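As a plain string of letters, each chain reads:
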Amino acid sequence: LIALSRRNVINARRKGLHHLAEPEKAILRRFINAESKTQALPIGDGVVKGLRSARIMYRSSSVGEHNAVDRSSPLVDHDIHDWAWEYINKHPEIL
């Protein structure tokens, strides 16, 4: 029962990847283009917060680095969840 519930959650999240806005897709393309599961992203960015909230990626570091574009929003490492990484790499057309 737990495995079925987890599968349903993952399937729902995968479907959500097909309905992302362009700014969300642009951030996820950074991971794919760099062939890296980690990207330094502005912690205060609304799009980044939305992708974290959707459980597509997560903050993997509590240490930020200087952000030359927006000093109020330091760059912090974020990792893409394995399920999202695998699905996007199998279906790159969604981005």
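This one's a predicted model, so the numbers in the text were calculated from it and none came from an experiment. (Residues numbered from 1 in each chain as written. Predicted model: local features only at pLDDT ≥ 70, side-chain atom pairs only at ≥ 80, totals over all residues. Heavy atoms only, no water.)

Q: Whenever I open this one, the packing of helix H2 (residues 22-34) against helix H4 (residues 82-90) confuses me. Can you help?
A: Helix-helix packing is described using two parameters, namely the angle between the two axes and the distance between the axes. Two numbers describe how H2 lies on H4: the axes approach to 11 Å, and their chain directions differ by 80°. Overall, the two elements H2 and H4 adopt an arrangement that is roughly perpendicular. Residues Leu 28, Phe 31 and Ile 32 of H2 pack against Trp 85, Ile 88 and Asn 89 of H4. When the residues that make up the contact of H2 with H4 are grouped by side-chain class, the tally is five nonpolar, one polar and no charged. (Axes fitted to C-alpha atoms, helices over the stretch in contact; angles between N-to-C directions. Helix = DSSP H or I, 4+ residues; strand = E, 2+ residues; numbered from the N terminus. Parallel < 35°, antiparallel > 145°, perpendicular 65-115°, else oblique. Contact = heavy atoms within 4.5 Å. Nonpolar A, V, L, I, M, F, W, Y, C, P; charged D, E, K, R; others polar.)

Q: For this particular structure, what's the right way to read unusual backbone geometry?
A: The bulk of non-glycine residues show a negative phi, and the bulk of peptide bonds are trans. A positive phi angle is found at Glu 35, which is not glycine, with a value near 50°. Relative to the assigned elements, Glu 35 resides in the loop between H2 and strand S1 (38-42). The phi angle at Arg 55 is positive, at roughly 65°, despite the residue not being glycine. Its location among the elements puts Arg 55 in the loop between helix H3 (46-53) and strand S2 (57-65).

Q: Could you clarify how one ought to interpret the nonpolar core in this entry?
A: Burial of nonpolar side chains together is a common tendency in soluble globular proteins. Within the largest apolar cluster, 20 residues are counted, with the highest numbers of intra-cluster contacts made by Leu 17, Leu 28, Phe 31, Ile 56 and Ile 88. Broken down by secondary-structure element, the contributors of at least two residues to this core are helix H1 (2-17), H2, H3 and H4. Among the elements that take part in this core, H4 stands out by supplying five residues, more than any other. Setting aside anything within four residues of it in sequence, one finds Ile 88 in contact with Leu 17, Leu 28, Ile 32, Ile 80, Ile 94 and Leu 95. (Core = buried A, V, L, I, M, F, W, Y, C linked by side-chain atoms within 4.5 Å. Buried < 20%, exposed > 50% of the residue type's maximum accessible area, 1.4 Å probe, protein only.)

Q: Honestly, the packing of H2 against H3 in this entry has me stumped. Any pointers?
A: Two elements in contact, H2 and H3, have axes separated by 10 Å at closest approach and are oriented at 80°. Taken as axis vectors, H2 and H3 run roughly perpendicular relative to one another. Contacts between H2 and H3 involve Pro 23, Glu 24, Ile 27 and Leu 28 from the first element and Val 47, Val 48 and Leu 51 from the second. Here the residues of the contact of H2 with H3 sort into six nonpolar, no polar and one charged.

Q: Hey, could you run me through the pattern of salt bridges in this one?
A: Evaluation of the coordinates by the stated rule reveals two salt bridges. Between Glu 22 and Arg 29 there is a salt bridge, with its nearest N and O atoms 2.4 Å apart. Residue classification places Arg 29 among the partly exposed positions, given a relative accessible area of 24%. Among the salt bridges present, the one from Lys 37 reaches Asp 82, with a minimum N-O distance of 2.8 Å. Remark: Asp 82 occurs in helix H4 and Lys 37 occurs in the loop between H2 and S1; sequence separation between them is 45 residues. (Salt bridge = Lys/Arg side-chain N within 4 Å of Asp/Glu carboxyl O.)

Any functional reading would require information that these geometric values do not contain.
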